[in-house]
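Working through the structure, step by step
Given next are the chains, with one letter for each unit.
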Amino acid sequence: MHTILSGPSGLRPEHDSYAVTAEFYDILQADEDEARVRRLYSRQIADARTGVLDVGAGTGRVTMLALADSGADVHAVEPARAMRTSLLTRLAALSCEQRDRVTVHPHPLDETALDAVADVAVCHNMVGCLPPGIREKLWPALGRALTPGGSLFVQLPPARLPARTVVRRLADKRVGEHIYGGRMTMSAAGYRIRTRADYWVRDAEDVLREHTETFWMWPATRARLTDELAAHGFAPLPGYEESELLAVTLNVRR
Ligand SMILES: C[S@@+](CC[C@H](N)C(=O)[O-])C[C@H]1O[C@@H](n2cnc3c(N)ncnc32)[C@H](O)[C@@H]1O
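Residues numbered from 1 in each chain as written. Predicted model: local features only at pLDDT ≥ 70, side-chain atom pairs only at ≥ 80, totals over all residues.

This part covers the site of the ligand. The environment of the ligand is formed by 21 residues, the closest being Gly56, Gly58, Ala80, Pro108 and Asn125. Of the residues in the shell around the ligand, the class split is 13 nonpolar, five polar and three charged. (Near = placed C-beta within 6 Å. Nonpolar A, V, L, I, M, F, W, Y, C, P; charged D, E, K, R; others polar.)

Take a look at the structure:
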């Protein structure tokens, strides 16, 4: 079978990153990350009244928490088709009441026309994936999407380049007769962090298949992100100085 991807002419090109990773993302990382997402955002999300904006929603960890823990509308922004596929599969299993409250936007936030739709925005594990020039487009788009006085919670990226290569093994997961495994290798490459993701599936005797996908990350300190956001009307929220989050509020008068 030969598949042709098509759509109305003039559509923007699809983002095909995460094409390899999407298959392994939830099976290898969901448990640990679900607990982290709950710890980091559940209180903030429960306070949302207008809406929750999940920027770089991936397979939907923050979106699912928002649907469960708040009665507000949810906007999930996810440009990568592979990640969006897992997200939509997850949303398909929800009740109509919950599904009616969530809208999925398939382009980067700065190409998505969202205006004052949320009083809480979350960038979980995504800002480090953006080069500085793209971050500069993200902040004003967040300023438009949030209501005045709304809050933005950003999981901080690595503050600096790794001094040496760092390898992190992901915990093996059994699926029937197969064991899924993975490893993240982070190393400095110029001013960026090269993150190589290796995945494999094995049975009792052999490795059945192996896959690799490489991502780039850009380190940024809390101080630098705070300055960038200040230029777009965001002021730090107190109480987060020691947190792994950067929390800011959108000034009412800009
Ligand atoms: C490392 S993944 C994290 C996904 C999810 N937040 C999680 O932690 O499971 C980063 C996500 O950000 C998305 N992304 C990248 N640039 C974006 C942008 N400009 N606007 C919205 N999402 C973006 C990617 O497609 C990717 O799914």
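Still to come is the rest of the account.
Moving on, we come to the nonpolar core. Counting residues in each nonpolar core, the largest one holds 56 residues, and the members touching the most others are Val52, Ala121 and Ala145. The element contributing the most residues to this core is helix H1 (residues 21-46), with seven residues. When sequence neighbours within four positions are dropped, the list of residues in contact with Ala121 reads Leu53, Val55, Leu142, Ala145, Leu146, Gly150 and Leu152. (Core = buried A, V, L, I, M, F, W, Y, C linked by C-beta atoms within 7 Å. Buried ≥ 20, exposed ≤ 12 C-beta atoms within 10 Å, placed from the backbone. Helix = DSSP H or I, 4+ residues; strand = E, 2+ residues; numbered from the N terminus. Contact = placed C-beta atoms within 7 Å.)

All right, on to the sheet that holds strand S1 (residues 51-55) then. Overall, mixed pairing links the seven strands, which are arranged S3-S2-S1-S4-S5-S11-S10 in an open sheet. Bordering the open sheet on either side are strand S3 (102-105) and strand S10 (234-236), each of which pairs with just one other strand. Strand-to-strand, the axes of this sheet are offset by a mean angle of 20°, without reference to chain direction. Relative to strand S4 (residues 118-123), S1 is paired through three bridges, and the arrangement is parallel. Pairing of Val52 across the sheet is with Val120, part of S4. (Pairing = 2+ DSSP bridges. Axes fitted to C-alpha atoms, helices over the stretch in contact; angles between N-to-C directions.)

Quick look at the pairing of strand S6 (residues 166-175) now. Within S6, only zero of the 10 residues are buried, which leaves the element largely exposed. Taking the residues between adjacent antiparallel strands as the criterion, S6 and strand S7 (residues 178-189) are bridged by two residues, where Gly176 takes a positive phi near 60°.

In terms of burial, helix H2 (residues 61-69) is largely enclosed, as seven of its nine residues are buried. Every buried residue of H2 is accounted for by Arg61, Val62, Thr63, Met64, Leu65, Ala66 and Leu67.

Now for the sheet that holds S6. Strands in a sheet are paired, the pairing made by backbone hydrogen bonds, and the direction either parallel or antiparallel. The four strands lie next to each other as S6-S7-S8-S9, forming an open sheet whose pairing is antiparallel. The strands lining the two open edges of the sheet, one partner per strand, are S6 and strand S9 (207-217). Strand-to-strand, the axes of this sheet are offset by a mean angle of 15°, without reference to chain direction. In this sheet, S7 lies alongside S6 in antiparallel orientation, the contact comprising eight bridges. The residue bridging Arg168 from the neighbouring strand is Met184, located in S7.

If you check UniProt for "domain: Methyltransferase type" (unreviewed entry), the listed places come out as residues 53-152 in our numbering. Counted over residues 53-152, helix gives 39% and strand 25%. Its end C-alpha atoms are 9 Å apart. (UniProt positions renumbered as here; feature names shortened; annotations may be inferred.)

Another aspect to go through is the environment of Leu87. Mapped onto the elements of the fold, Leu87 is located in helix H3 (residues 81-92). The class for Leu87 is buried, based on 24 C-beta atoms found within 10 Å. In sequence terms Leu87 and Ala235 are 148 residues apart; their C-alpha atoms lie 32 Å from each other. Other than its neighbours up to four places away in sequence, Leu87 contacts Ala57, Thr59, Gly60, Thr63, Ala76, Glu78 and Val104.

Taken as a whole, the protein chain is organised into domain 1 (21-157 + 220-250) and domain 2 (166-217). Between the C-alpha centres of domain 1 and domain 2 there is a distance of 25 Å. In this complex, domain 1 contributes eight residues to the contact, which on the side of domain 2 involves 10 residues. For the side of domain 1 that touches domain 2, the per-class residue count stands at five nonpolar, three polar and no charged. (Domains from an automatic or database assignment.)

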